[in-house]
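Given next are the chains, with one letter for each unit.
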Amino acid sequence: ETGVTQTPRHLVMGMTNKKSLKCEQHLGHNAMYWYKQSAKKPLELMFVYSLEERVENNSVPSRFSPECPNSSHLFLHLHTLQPEDSALYLCASSQDRGRGSTDTQYFGPGTRLTVL
Amino acid sequence: QKEVEQDPGPLSVPEGAIVSLNCTYSNSAFQYFMWYRQYSRKGPELLMYTYSSGNKEDGRFTAQVDKSSKYISLFIRDSQPSDSATYLCAIALYGQNFVFGPGTRLSVLP
């Protein structure tokens, strides 16, 4: 496997379900990101992890819970979601060279989430 | 005013045409500029990365940055049906995360 992979590619869940999205990067990067992409809207940054520590959380509702067990893996745990949470969830990774770096992000294919 | 603005399209052109895709931004301090291409049901893939004003060329693609006008462009020469995708601009301050435009949907008709 190369690049950034995400599973599942499609997910349909009810509002009371609990599910998790998984992301894995094979690029040797040390920073990982979760984005939400809704129709006709810009990518919304949700969470940033650098060196496995969360460094940014853009006021995302608590029904989204990220986990980064190591620099290659990132999870997004979902519970009691709302229909408006239906979107494409994209994972990305980059090489964070330290404070002040602005490095290229490489994206996975995304998980298409539908909340009924 | 939004930080990054981009015409959502759709933009339809005939095969072989020169395509011009544009973004405007509000903060003159932005320094890093990227263009991503996103095919349907796929994640964005990086096309071009530029820092500072001027032009950068890569094959059929040219990225142009005009900091005085707060305007960036992506030109595609000899467009092909395989160029049909959504094109996202992304802009950042030094050491900050990128801010993305909403994307322009391009269709190149054979």
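In every chain, residue numbers begin from 1 and rise along the written sequence. Chains and ligands are labelled sequentially in the order written, the chains with letters from A and the ligands with numbers from 1. Totals for whole chains, interfaces and linings use every residue, but because this is a predicted model, local features are given only for residues with pLDDT of at least 70 and side-chain atom pairs only at 80 or more, for both listing and counting. With hydrogens and water excluded, all non-hydrogen atoms of the structure serve as input to the side-chain values.

### Considering the overall build of chain A
Under the convention used in this document: Each helix corresponds to a stretch of at least 4 residues labelled H or I by DSSP, and each strand to a stretch of at least 2 residues labelled E; elements are numbered beginning at the N terminus. C-alpha atoms define the radius of gyration in this analysis, and the globule rule sets the expected value at 2.2 Å times the number of residues to the power 0.38. When a residue's accessible area, from a 1.4 Å probe over protein chains only, is under 20% of the maximum for its type it is buried; when over 50% it is exposed; and in between it is partly exposed. Two residues form a contact once any of their heavy atoms are found within 4.5 Å. Charge convention: Lys and Arg are scored as positive, Asp and Glu as negative, and His as well as the terminal groups of each chain are ignored. By convention, the point assigned to a charge is CZ for Arg, NZ for Lys, CD for Glu and CG for Asp.
Counting secondary structure elements, chain A contains zero helices and eleven strands. A globule of 116 residues ought to have a C-alpha radius of gyration of about 13 Å, and chain A, at 14 Å, matches this closely. Viewed in the frame of its principal axes, chain A has a C-alpha envelope of about 40 × 30 × 30 Å. Looking at chain A as a whole, 48% of its 116 residues are labelled buried. Contacts spanning at least 24 positions in sequence make up 54% of the contacts within chain A whose residues lie at least 6 apart. Between the mean site of the 12 positive side-chain charges and the mean site of the 11 negative ones, chain A shows a separation of 8 Å.

### Points about the packing of aromatic side chains
Aromatic rings considered in pairs are described by the distance between their centres and by the relative angle of their planes. How we decide: Ring pairs are drawn from Phe, Tyr and Trp, using the six-membered ring of Trp, whenever the two centres fall within 6.5 Å, and their geometry is named by plane angle: stacked under 30 degrees, edge-to-face over 60, tilted for the rest. Cation placement over rings: the criterion is NZ of Lys or CZ of Arg within 6 Å of the ring centroid and within 35° of the ring normal.
Counted by the stated rule, this structure contains twelve aromatic pairs over all chains. Seen from their ring centres, Tyr35(A) and Phe100(B) are 5.5 Å apart, and the 85° between their planes marks the pair as edge-to-face. One end of the pair, Tyr35(A), is in strand 4 (residues 31-37); the other, Phe100(B), is in strand 10 (residues 99-100), on a second chain. The same class applies to Tyr35(A) as to Phe100(B), namely buried. Through successive ring pairs, a cluster of aromatic residues spans Tyr33(A), Tyr35(A), Phe107(A), Tyr36(B) and Phe100(B). The ring of Tyr51(B) has Lys67(B) sitting right over it, with the charged end atom 5.8 Å from the ring centre.

### Brief notes about the interface of chain A and chain B
Quick note on the threshold: Throughout, buried area stands for the accessible area (probe radius 1.4 Å) lost by two parts on being put together, summed over both. The working definition used for a salt bridge is a side-chain nitrogen of Lys or Arg within 4 Å of a carboxyl oxygen of Asp or Glu. Pairs of N or O atoms within 3.5 Å make up the polar contacts considered here, provided that, within protein, one atom can donate a hydrogen while the other can accept it, and that residues adjacent in sequence are counted only when both atoms are side-chain atoms.
With 22 residues of chain A in contact, the opposing surface of chain B contributes 21 residues. Taken together, the two surfaces of chain A and chain B that pack against each other cover about 1600 Å², and 56% of this comes from carbon and sulfur. Connecting chain A to chain B are zero salt bridges. Inspection of the region where chain A meets chain B yields three residue pairs in polar contact (both at pLDDT 80 or more). Looking at the side of chain A that touches chain B, the elements that each hand over two or more residues are strand 4, strand 5 (44-50) and strand 9 (87-94) of chain A. Here the side of chain A that touches chain B gets three residues from one element, more than from any other, and that element is strand 4 of chain A.

On their own, these measurements won't tell you what the molecule is for.
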